[in-house]
Amino acid sequence: MRRSSSTIPFGYKLNSEDKSLLDPVPEQLEALEKIVPMIKDHTLSLREGSLYIEHATGRSLSHEGLKKIAAKYE
């Protein structure tokens, strides 16, 4: 994935060889794939989802950030 801003999106990290590219972080993307459907069907709140993601991956994600990510998922 090509980097398009200074912010690195959740689920990605900078490529160690080419700083204009982003590499996926499978653990983080899997956590999102597990949590986003639960948020969309209101099984979990955004705050609960962000806490789970931080616990599962070690990387924090605000509830507002999770809301933006969930809005992009189909």
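Residues numbered from 1 in each chain as written. Predicted model: local features only at pLDDT ≥ 70, side-chain atom pairs only at ≥ 80, totals over all residues. Heavy atoms only, no water.

A short note on helix α3 (residues 63-72)
Then, number 1: Within the sequence span of α3, burial applies to Gly 65, Leu 66, Ile 69 and Ala 70. Taken end-on, α3 shows its buried residues confined to a sector of 135°, consistent with a single buried face. Seen from the buried face of α3, the exposed residues on the opposite side, beyond 90 degrees, are Lys 68 and Ala 71.
Then, number 2: Buried positions along α3 lie against α1 (26-40) and α2 (46-57). (Buried < 20%, exposed > 50% of the residue type's maximum accessible area, 1.4 Å probe, protein only. Helix = DSSP H or I, 4+ residues; strand = E, 2+ residues; numbered from the N terminus. Arc of directions from axis to C-beta. Contact = heavy atoms within 4.5 Å.)

Quick look at the packing of α1 against α2
Then, number 1: As a packed pair, α1 and α2 sit with axes 10 Å apart at the nearest point and diverge in direction by 160°. In terms of orientation, α1 lies roughly antiparallel with respect to α2. The handedness of the crossing between α1 and α2 comes out as right-handed. Only Leu 46, Gly 49, Tyr 52, Ile 53, Ala 56 and Thr 57 of α2 make contact with α1, whose side of the interface consists of Glu 27, Gln 28, Ala 31, Leu 32, Lys 34, Ile 35 and Ile 39.
Then, number 2: Tallied by class, residues from the contact of α1 with α2 come to eight nonpolar, three polar and two charged. (Axes fitted to C-alpha atoms, helices over the stretch in contact; angles between N-to-C directions. Parallel < 35°, antiparallel > 145°, perpendicular 65-115°, else oblique. Left-handed = near helix turned anticlockwise from the far one by under 90°. Nonpolar A, V, L, I, M, F, W, Y, C, P; charged D, E, K, R; others polar.)

Here we look at the environment of Tyr 12
Then, number 1: Assignment of secondary structure puts Tyr 12 in strand β1 (residues 12-14).
Then, number 2: Take Tyr 12: its relative accessible area is 22%, and that puts it in the partly exposed class.
Then, number 3: Apart from the residues lying within four places of it in its own chain, the contact partners of Tyr 12 are Met 1, Leu 22, Asp 23, Pro 24, Val 25, Gln 28, Leu 29 and Arg 59.

A word on the environment of Leu 29
Then, number 1: With respect to the element layout, Leu 29 can be found in helix α1.
Then, number 2: Not counting the four nearest positions on each side in its chain, Leu 29 is found in contact with Phe 10, Gly 11, Tyr 12 and Pro 24.

A look at α1
Then, number 1: Its 15 residues place the ends of α1 21 Å apart at the C-alpha level, agreeing with the 21 Å of an ideal helix rising 1.5 Å per residue.
Then, number 2: Within α1, the full set of buried residues consists of Gln 28, Leu 29, Ala 31, Leu 32, Ile 35, Val 36 and Ile 39.
Then, number 3: Just downstream of α1, His 42 is the residue with a positive phi angle, here 65°. (Expected span 1.5 Å × (residues − 1).)

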